Amino acid sequence: MKSLEEQIVELKKKRNAVILAHNYVRSDVQDVADFVGDSLELSIKAKNAGAPVIVFCGVSFMAETAKILSPASTVLHPVPSAGCPMADMAPDEAVRQYRREHPDAVIIAYVNSTAAVKAEVDICCTSANAEKVVRSIPADKHILFVPDQNLGANVSRMTGRKMELWPGFCPTHNRIMPEDAKKIREAHPNAIMLVHPECTPSVVDVADHALSTGGMLKFVRESDAKQFIIGTECGILHRMRKDNPDKEFISLQPIPLCPNMKKLSLESIVDSLENMQYEIQLDAALMDRARGPIERMLAI
Ligand code: SF4
């Protein structure tokens, strides 16, 4: 009986597929992926993959972004119910309504939004490039930032730019309390604390740096420090420990965990490749409209 990993290697070859995985998925899924990264890195990878089949191990908006950037590829999302509650907090009809009422505003959408919302906005951003994107907007423009109020507030503080914030949030990061962050800092006074900018500004205030997951990986790789407290979804710890065996990584308590990211499993990848399921299908005109804001972001 072949192991799930062996079956995936065989099926990948048979289907001529690549597996892309987000830093938050389970460690066994990360280990079978051809590429593991954050939203920005995965968007670029999807665009350049040129593979006939992409199996996307992340939540649904990420698989949609891969399809938008690589429309000629068959993009498979092994678990369609793995969605993002934050993306769902900004329904496309509500964003359209805002656009109708504020025709002169610039709408920035965090990539954690549905394809239908991306199709309505001016430019996208990720947590890795949000600061750059906000700085690129002319000073006289009113900005609406969708859907993450925490990322929006943190970027607003970094840039000094006032923005209107959509009342959305990531339940996994929003749950992190400043008191818990302070407690773990006190217990490990020599550790450097990194948190994700989807955390509230009061949690960011406790940390040394607020970075995207890709930014965190780069920071720990280049740092001389030996101990880090990590304030983001726990899946990232697998890669940090694997890439930096001489360093210690401590998670916040309670451990931040995204139940949707954890739905992706080796079994679901085998099923996906065997049955070519579940294919991301988006309307061509909608994809064309959503591609503009993403490519504007990638050009920055
Ligand atoms: S960690 Fe938060 S933002 Fe990321 S997929 Fe899960 S709920 Fe959405």
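In case you missed it, the structure is sitting above this.
The structure presented is a predicted model; accordingly, all values stated were derived computationally and were not measured.

Enquirer: Is there a simple way to think about empty space enclosed by the protein in this case?
Expert: Gaps left between atoms are located by rolling a probe of water-molecule size over the structure's atoms. Applying the stated criterion across every chain yields a total of 1 cavity of 30 Å³ or more. Forming the walls of the largest cavity are Ser39, Leu42, Ser43, Phe56, Phe61, Met62, Thr65, Ala66 and Val111. Among the elements of the structure, helix H3 (39-49) and helix H4 (60-69) are those that each provide at least two residues to the lining of the largest cavity. Classifying every residue of the lining of the largest cavity gives 6 nonpolar, 3 polar and no charged.

Enquirer: Teacher, can you tell me more about the sheet that holds strand E12 (residues 248-251) here?
Expert: What holds strands together in a sheet is hydrogen bonding between their backbones, with the strands either parallel or antiparallel. Here 4 strands make up an open sheet; going across it, the order is E10-E9-E11-E12 and the pairing parallel. Each having just a single partner strand, strand E10 (209-210) and E12 make up the two edges of the open sheet. The pairing of strand E9 (residues 192-195) with strand E11 (residues 227-231) spans 4 bridges and is classified as parallel. By the bridge assignment for E11, Met193 is matched with Ile229. Contacting E11 and E12, helix H14 (residues 236-243) crosses the sheet at an angle of about 170 degrees to E12.

Enquirer: Can you walk me through the layout of surface pockets in this structure?
Expert: Quantified by volume, the largest pocket comes out at close to 340 Å³. Surrounding the largest pocket, 32 residues form its lining, Tyr24, Asn112, His173, Glu198 and Met261 being those nearest its centre. Within the residue set of the lining of the largest pocket, elements represented by two or more residues are H3, H4, helix H5 (85-88) and helix H10 (171-174). At 3 residues, the largest contribution of residues to the lining of the largest pocket is made by H10. Among the residues making up the lining of the largest pocket, the classes are represented as 16 nonpolar, 12 polar and 4 charged. By volume, the second largest pocket amounts to about 290 Å³. Lining the second largest pocket are 19 residues, with Ser127, Ala128, Asn129, Ala130 and Glu131 positioned closest to its centre. Mapped by element, the contributors of at least two residues to the lining of the second largest pocket are H3, helix H8 (130-135), helix H9 (149-159) and helix H16 (284-299).

Analysis parameters
Residues numbered from 1 in each chain as written. Predicted model: local features only at pLDDT ≥ 70, side-chain atom pairs only at ≥ 80, totals over all residues. Heavy atoms only, no water. 1 Å grid on protein atoms, 1.4 Å probe; cavity = no way out; pocket = protein on both sides within 12 Å on 5 of 7 lines; lining within 4 Å. Points joined across faces, edges and corners; volume = space filled by probe spheres on them. Helix = DSSP H or I, 4+ residues; strand = E, 2+ residues; numbered from the N terminus. Nonpolar A, V, L, I, M, F, W, Y, C, P; charged D, E, K, R; others polar. Pairing = 2+ DSSP bridges. Contact = heavy atoms within 4.5 Å. Axes fitted to C-alpha atoms, helices over the stretch in contact; angles between N-to-C directions.

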